[in-house]
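Here are the chains, one letter per residue:
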Amino acid sequence: MTTHTTPVAEAPPSEPAPAKKPGRDRYFDLLRALALFRVVLYHLTGWAWLPLVFPSMGVMFALAGNLMARSLKRPAVQVIRGRMRRLLPPLWLLGVVGVTGMVLQGWGPDEDGHPGWWLLHLTFWIVPLSDPPYAEGLPGVHGFIGENWAADLAGPLWYIRAYLWYVLLSPVLLKALRALPVLTILSPIVLAVAFEQGWITLPGERIPSALTDFSTFGACWILGMAHQEGILRRLPRYIVPSVAPVIALAGLWYALHHDFGAGNDLDSMPLAQALWSFGTVVLLLHLSPSWTQWPRRLRAFAGTITLLNSRAVTIYLWHNTCILIAATLWDRLWGFPLLEQNVPGLLESVWPVLVLVWILIGCCILAFGWAEDLAARQRPRLWPTGEPRTKARGGRRRA
């Protein structure tokens, strides 16, 4: 943002910023809550059209990029340390539960024949610079959780790894964005094209997967930063509504011409995902009304939306496991002949399972959500539906 030492002519762009400081942007809170709900529904149903209706991951990265750019008004090292402090404790708690369960079922240093590498890779559960390891093919607990549960538990960890790298790269990305905004925003898309066309090939799995995630969602993160910096607001109002749908439709066209459907949706097509997410996210940011208070129609949902935002990391980390447990428990009902014969449609329906999933997610919020409060230096709360009381030094609220 422009500093206060600039001439009077530059003053107007800096005036809106102080108005946003006293409260949260409720529009962004709503987007984050919708993104989380869509992620849970998609991972339960696998409906290929859901990411088209709402590209949750692109939205979540854009909102995080926006918040990161706002925080980088403070020293970069301090901001990165704060972000890592808030991100990692919920991951550590998941690791304590998950890795302990894997070890109890026989997973250990000799699993892959390389004990040293196993121990070294375990450090990714502490600082996920790469994907943390997990045991494949573990048996489930009969009637409670299905087999290969560790793969479901580890499924969301790519997001934590990608988020951490975006945080580490943000100071550089922000400088590049201020110097060359268009080139910086489009560079991940160019990288996605290069990967798709085979112009860039890298050995191994860890580095290519990290770069693929950056090429897929990096533009969304940078768009969030651009929104915070006011770069998008400086564009003529007709630019985004004119260009964004074209980019999104290009992603849709690419997907439809590469066998888009069940089992081969946007998650399997990085370039299509990148284009569709970019076009949709830039439209959502363009429409941003910046609510400091909830609109009347949404006030009844304010507590739920606040809860989802306050426990976003906990929900994301544990939702896959909750889905597996809910599906396993629901399948047990097929063992009751009365239900099987009279209400087979109910047993086949996804909606009762979805309700059960959210009940289990609520249990995880109660059991593990306090880690997010401690990480944010707030008083631990079991069910945070209101504003937190911060315990930061000097009473200052930390972003």
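Rules used in this analysis
The written sequence of each chain sets the order in which its residues are numbered from 1. Since the coordinates come from a predicted model, pLDDT governs what is reported: local features require at least 70, and pairs of side-chain atoms require 80 or more to be given and counted, while whole-chain, interface and lining totals use all residues. Side-chain calculation: all heavy atoms of the structure are included, whereas hydrogens and water are not. The quantity called pLDDT is the predictor's confidence in a given residue, expressed from 0 to 100. Labels follow the DSSP assignment, with helices taken as runs of H or I lasting at least four residues and strands as runs of E lasting at least two, numbered in each case from the N terminus. Note on contacts: a residue pair qualifies if any of its non-hydrogen atoms lie within 4.5 Å across the two residues. Put simply, the grid is 1 Å and covers the protein atoms alone, a cavity is a trapped set of points that fit a 1.4 Å probe, a pocket is an open set with protein on both sides within 12 Å along at least five of seven lines, and lining residues have an atom within 4 Å of a point. Grid points are joined across faces, edges and corners, and a volume is the space filled by probe spheres set on the points. The residue classification treats Ala, Val, Leu, Ile, Met, Phe, Trp, Tyr, Cys and Pro as nonpolar and Asp, Glu, Lys and Arg as charged. All others, Gly included, are polar. Put simply, a nonpolar core is a bunch of buried Ala, Val, Leu, Ile, Met, Phe, Trp, Tyr and Cys residues held in one set by side-chain atoms that sit within 4.5 Å of each other. Burial status follows relative accessibility: with a 1.4 Å probe on protein chains alone, a residue under 20% of its type maximum counts as buried, one over 50% as exposed, and anything between as partly exposed. One less than the residue count of a helix, multiplied by 1.5 Å, gives the span that helix is expected to have. A residue's bend is the angle separating two fitted axes: one through the seven residues that end there, the other through the seven that start there. The criterion for an aromatic pair is that two Phe, Tyr or Trp rings (for Trp, the six-membered ring) have centres within 6.5 Å, with stacked assigned to planes under 30 degrees apart, edge-to-face to planes over 60 apart and tilted to the rest.

This prediction gives the protein a mean pLDDT of 90; 90% of its residues lie at or above 70. Per-residue pLDDT, averaged within each element of the protein, yields its smallest value for helix H2 (residues 16-20) (40) and its largest for helix H18 (residues 351-368) (98). The low-confidence segment residues 1-22, where pLDDT is below 50, has 11 contacts with residues more than four positions distant or belonging to other chains. Predicted confidence is poor over residues 392-399, with pLDDT under 50, and the contacts of this stretch with residues over four places away or in other chains come to 15 contacts.

By the definition in use, this model includes one cavity of 30 Å³ or more. Here the largest cavity defines a volume of roughly 30 Å³. Of all the secondary-structure elements, those providing two or more residues to the lining of the largest cavity are helix H5 (56-71) and helix H13 (270-286). The residue inventory of the lining of the largest cavity, partitioned by class, reads seven nonpolar, no polar and no charged.

Moving on to the layout of surface pockets. Here the second largest pocket is characterised by a volume of approximately 680 Å³. Around the second largest pocket sit 31 residues that line it, and Gly-155, Trp-158, Asp-213, Asp-267 and Tyr-316 are the ones nearest its centre. If you list the elements that add at least two residues to the lining of the second largest pocket, you get helix H3 (26-45), H5, helix H8 (149-154), helix H9 (157-179), helix H11 (206-229), H13 and helix H15 (312-331). At five residues, the largest contribution of residues to the lining of the second largest pocket is made by H11.

The biggest cluster of nonpolar side chains holds 117 residues, and the ones touching the most others in it are Met-102, Trp-125 and Trp-221. Element by element, the count of residues in this core is highest for H3, at 12 residues. The contact partners of Trp-221, leaving out residues within four places of it in the chain, are Phe-61, Ala-62, Ala-64, Gly-65, Met-68, Tyr-163, Tyr-166, Val-167, Ser-170 and Leu-173.

Along the polypeptide, Phe-144 turns up in the loop between helix H7 (115-122) and H8. According to the relative accessible area criterion, Phe-144 is partly exposed, its value standing at 40%. C-alpha of Phe-144 to C-alpha of Ala-327: the two residues are 183 residues apart in sequence and 9.0 Å apart in space. Ignoring any residue separated from it by four or fewer positions in sequence, one finds Phe-144 in contact with Ile-325, Thr-328 and Leu-329.

Let's shift gears to helix H6 (residues 76-104). Look at H6: 41 Å from first C-alpha to last across 29 residues, which is about the 42 Å you get at 1.5 Å a residue. Remark: the principal bend of H6, roughly 30°, maps to Leu-88, with a proline, Pro-89, within the next four residues. Within two residues after H6, Gly-106 carries a phi angle of roughly 110°, on the positive side.

In this section: unusual backbone geometry. Look at Asp-259: it is not a glycine, yet its phi comes out positive at around 60°. For Asp-259, a relative accessible area of 66% puts it in the exposed group. The phi angle at Arg-377 is positive, at roughly 60°, despite the residue not being glycine. Among the structural elements, Arg-377 can be located in the segment after helix H19 (370-375).

This part covers the environment of Pro-384. Mapped onto the secondary structure, Pro-384 falls in the segment after H19. Looking at Pro-384, the relative accessible area reads 1%, which means it is buried. A sequence separation of 76 residues divides Pro-384 from Leu-308, and the C-alpha atoms of the two residues are 8.9 Å apart. In contact with Pro-384, other than residues within four places in its own chain, are Thr-306, Leu-307, Ser-310 and Arg-311.

The tally for this structure, following the rule as stated, stands at 18 aromatic pairs. Here Phe-37 and Trp-358 contribute two aromatic rings whose centre-to-centre distance is 5.9 Å and whose plane-to-plane angle is 10°, an arrangement assigned as stacked. Of the two residues, Phe-37 is situated in helix H3 and Trp-358 in helix H18; the sequence distance between them amounts to 321 residues. Note on Tyr-159 and Tyr-316: the rings are 4.9 Å apart at their centroids and 50° apart in plane angle, and the pair reads as tilted. Of this pair, Tyr-159 sits in helix H9 while Tyr-316 sits in helix H15; the two residues are 157 residues apart in sequence, bridging distant segments of the chain. You can call Tyr-316 buried: its relative accessible area is 3%. Every member of this aromatic cluster is reached through a ring pair, and the members are Phe-61, Trp-158, Tyr-159, Tyr-163, Tyr-166, Phe-214, Phe-217, Trp-221 and Tyr-316.

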